[in-house]
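Okay, here's what each chain looks like letter by letter:
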Amino acid sequence: MLNPLEQTIISLQLRVNGLPVQEDVPAQMTLLEFLRQRLRLTGAKEGCGSGECGACTVLLDGRPVNACLVLAAEANDAEIRTIEGEARDGRLTPLQQAFIEHGAIQCGFCTSGMVLSAQALLERNPHPGREEIVEAIAGHLCRCTGYVQIVEAIESVAGKGS
Amino acid sequence: MIAPLAYTKPRSLAEALELLQIAHSLPLAGGTDLLVELKKSNKRPALLVDLKGIPDLDELALTADRGLRIGANVTMNRLIESGELVSAFPALTDAAMTVGTDQIRNRATVGGNLCHASPSADLAPPLFVLDTQLVVASLQGERRIPISALWQGAKQNTLQPGELIVQIEVPWPGAAAKMAFLKKMRTAGHDLALVNMAGLLDPVQGRCRICIGGCACTPVLLPGTDTLYQESRDPDQLTARLLALAEATIVPIDDVRASARYRREIVAVFLQRLLKLLAVETKGWGRC
Ligand SMILES: Cc1cc2nc3c(=O)[nH]c(=O)nc-3n(C[C@H](O)[C@H](O)[C@H](O)COP(=O)(O)OP(=O)(O)OC[C@H]3O[C@@H](n4cnc5c(N)ncnc54)[C@H](O)[C@@H]3O)c2cc1C
Ligand code: FES
Ligand code: FES
């Protein structure tokens, strides 16, 4: 067996936005660094690097996580979704469209994470109430919109019950 | 940036315990405490042993005697999403619900919350008042310790290198027991507790337990409260005696979250609120 102390480079196999990815990464690389630097998927942002702001949120096996607090190595065999995988063939999802229509985006720094957490909620529960919506996005700081438009955007999709 | 290290993910408990013999190895559960520390402190492990591949640590079950067995790797969201638990151990799931954000709760584990040994760990107060036992494993075998024996000081646990918490065993407190959890934060959203508190009151067995977090270097289980309760069940008298006891037992400090004086005020308010909740709150315990 390989000396465990020599396992400093990890051979990763995972799926990102539905596509298989295979890469060797340093063991200390975070999932956020991996997505942004190796895969050039820069939709997830680094705000705080410590789990406070939610700008780095991606879905790991369908659940929102802070990619700044997950090692890329921990995502081996996982299914990762980032904001880049949401629109298909140039068509935005109903939720993304609703964010635009409700003025729920200003600078956009929080948006990728907000959309993914809201999307995960809607996939788990197509008709969430306002409280559930607020709780689902409570791990995302937005310095621009004041949150009301974001909640309304999500509510508008929740109401349609798609 | 995290300093270079090695990473491995064993598939069995035996393998993990072997790996943890290596000098400067550390267990990794959800990483929500550890990764922040690796980024911000001078902790420099040589090897991270990821515990998430060990099936023994994933168990979540009500036992035949209606107790609860929680594998160390069970996440906060798994606790909350189990409907059976929410009705049987509401103070525990209430506490889990207040841990961080949805993203944090998807990763944060029960074992990690306890092993980090923060004085304000939110699962500590409910688990203290429930007489929780921890199953600790090492290459030498297994031992059981009461949860209060895990805290050495603020963010220091009593585990020896090479030891792991495998399971958290919560005995069934009986159908008459009532329980509640309260948490004070700086904001209405998400924050570590500046004070948290859980209480358990069982009029049938004459048990009264109060645990206060964030007001000493460990969570504090108030001593001798069963006796106080058995001596006087008059609500006003009991409240006054518990307030005096709490006041004399806690040793809060000033820090970024609150002043010691504010913490004392909150403890007094919470204690009175908790006792009211325990006297009237009938949801949960009785229904299971
Ligand atoms: C933004 C943010 C908000 C937070 N909010 C809260 C909050 O509101 N309330 C709260 O209580 N906490 C909070 N926390 C702290 C943290 O999320 C919890 O303490 C969490 O439960 C830790 O679990 P983990 O699985 O992530 O532990 P890890 O970070 O993986 O591990 C923590 C420590 O325990 C050790 N360890 C882990 N598992 C075991 C085991 N089975 N046996 C022996 N040692 C082990 C690790 O080596 C490490 O030293 C927050 C953290 C962040 C980043
Ligand atoms: S960058 Fe991850 S939570 Fe802020
Ligand atoms: S739109 Fe700017 S932070 Fe939310």
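Residues numbered from 1 in each chain as written. Chains lettered and ligands numbered in written order. Predicted model: local features only at pLDDT ≥ 70, side-chain atom pairs only at ≥ 80, totals over all residues. Heavy atoms only, no water.

*Asks:* Please explain the overall build of chain B as it appears in this structure.
*Replies:* A count of helices and strands for chain B gives 11 helices and 14 strands. Computed over the C-alpha atoms, the radius of gyration of chain B is 19 Å, within 12% of the 19 Å expected from 2.2 N^0.38 for a compact globule of 288 residues. Along the first, second and third principal axes, the C-alpha set of chain B runs to 60 × 45 × 35 Å. Taken across its 288 residues, chain B has 56% of its residues classed as buried. With an accessible surface of roughly 11,900 Å², chain B has 53% of that area assigned to carbon and sulfur atoms. Of the charged side chains in chain B, 31 are positive and 29 negative, and the gap between their average positions amounts to 5 Å. (Helix = DSSP H or I, 4+ residues; strand = E, 2+ residues; numbered from the N terminus. Rg over C-alpha atoms; globule rule 2.2 N^0.38 Å. Buried < 20%, exposed > 50% of the residue type's maximum accessible area, 1.4 Å probe, protein only. Areas by Shrake-Rupley, 256 points an atom, 1.4 Å probe, with all protein chains shown as cover. Lys, Arg positive; Asp, Glu negative; His and termini not counted. Charge placed at Lys NZ, Arg CZ, Asp CG, Glu CD.)

*Asks:* Looking at this structure, how should I read helix α5 (residues 90–97) of chain B?
*Replies:* Side chains of residues three or four places apart in an α-helix project in the same direction, reflecting 3.6 residues per turn. Residues and elements named next belong to chain B. Here α5 lies mainly inside the structure; 6 of its 8 residues are buried. Within α5 the residues assigned to the buried category are Pro 90, Ala 91, Leu 92, Thr 93, Ala 95 and Ala 96. Buried-residue contacts for α5 involve β5 (68–71), α3 (76–81), α4 (83–88), α6 (102–105), α8 (124–129) and β11 (178–184). (Contact = heavy atoms within 4.5 Å.)

*Asks:* Please explain the pairing of strand β1 (residues 9–16) of chain A as it appears in this structure.
*Replies:* Side-chain positions along a regular strand alternate between the two faces of the sheet. Residues and elements named next belong to chain A. With burial as the criterion, only one face of β1 is covered, namely that bearing Ile 10, Leu 12, Leu 14 and Val 16; the residues Ile 9, Ser 11, Gln 13 and Arg 15 on the opposite face remain uncovered. Sheet topology places β1 next to strand β5 (residues 79–81); 2 bridges connect them, and they run parallel. Looking across to β5, one finds that Val 16 is bridged to Ile 80. (Pairing = 2+ DSSP bridges.)

*Asks:* Explain the interface of chain A and chain B to me, please; I cannot follow it from the model alone.
*Replies:* Contacts between chain A and chain B engage 30 residues on the former and 35 residues on the latter. Both sides of the chain A and chain B interface together cover about 2,600 Å² of buried area, and 56% of this is carbon and sulfur. Between Glu 74 of chain A and Lys 52 of chain B there is a salt bridge; the shortest N-O distance is 2.5 Å. Every element with two or more residues in the side of chain A that touches chain B is listed here: β3 (57–60) and β4 (63–66) of chain A. With 4 residues, the top contributor of residues to the side of chain A that touches chain B is β4 of chain A. Tallied by class, residues from the side of chain A that touches chain B come to 13 nonpolar, 13 polar and 4 charged. (Buried area = accessible area lost by both parts, 1.4 Å probe. Salt bridge = Lys/Arg side-chain N within 4 Å of Asp/Glu carboxyl O. Nonpolar A, V, L, I, M, F, W, Y, C, P; charged D, E, K, R; others polar.)

*Asks:* Sorry if this is basic, but what is going on with the environment of Ile 80 of chain A here?
*Replies:* Residue and element names in this part refer to chain A. Inspection of the secondary structure assignment puts Ile 80 in strand β5. Separated by 49 residues in sequence, Ile 80 and Leu 31 place their C-alpha atoms 9.7 Å apart. Look past the residues within four positions of Ile 80 in its chain and what remains in contact with it is Leu 14, Arg 15, Val 16, Asn 17, Leu 31, Leu 35, Val 58, Leu 59, Leu 60 and Ala 75.

*Asks:* Please explain the domain arrangement of chain A as it appears in this structure.
*Replies:* Size of an interface: often given as the accessible area lost when the parts come together. Residues and elements named next belong to chain A. What the domain assignment reports for chain A is domain 1 (4–85) and domain 2 (94–159). The C-alpha-based centres of domain 1 and domain 2 are spaced at 22 Å. Taken together, the contacts link 17 residues of domain 1 with 13 residues of domain 2. Summed over both partners, the interface of domain 1 with domain 2 buries about 1,200 Å², with 61% contributed by carbon and sulfur atoms. For the interface between domain 1 and domain 2, the tally reads 1 salt bridge. In this structure, the salt-bridge partner of Glu 123 is Arg 81, at a minimum N-O distance of 2.9 Å. Taken together, the connections running from domain 1 to domain 2 amount to 5 residue pairs in polar contact (both at pLDDT 80 or more). (Domains from an automatic or database assignment. Polar contact = N/O pair within 3.5 Å; in protein donor to acceptor, adjacent residues only side chain to side chain.)

*Asks:* Honestly, the packing of aromatic side chains in this entry has me stumped. Any pointers?
*Replies:* Two descriptors summarise a pair of aromatic rings, namely the distance from one centre to the other and the angle between the planes of the rings. Residue and element names in this part refer to chain B. In the structure shown here, the tally under the stated rule is 2 aromatic pairs over all chains. Between Phe 89 and Trp 172 the ring centres are 6.3 Å apart and the planes differ by 80°, which places this aromatic pair in the edge-to-face class. Taken as a pair, Phe 89 in the loop between α4 and α5 and Trp 172 in the loop between β10 (164–170) and β11 lie far apart in primary sequence, 83 residues in all. A relative accessible area of 0% places Phe 89 in the buried class. Each ring, one from Phe 128 and one from Trp 151, has its centre 5.5 Å from the other, and the planes form 65°; the classification is edge-to-face. Taken together, the residues Phe 128 in helix α8 and Trp 151 in strand β8 (residues 151–153) connect sequence positions 23 residues apart. For Phe 128, a relative accessible area of 5% translates into the label buried. By relative accessible area, which is 7% here, Trp 151 ends up buried. Lying across the ring of Tyr 229, Arg 233 places its NZ or CZ 4.5 Å from the centre. (Phe/Tyr/Trp six-rings, centres within 6.5 Å; stacked < 30°, edge-to-face > 60°. Lys NZ or Arg CZ within 6 Å of the ring centre and 35° of its normal.)

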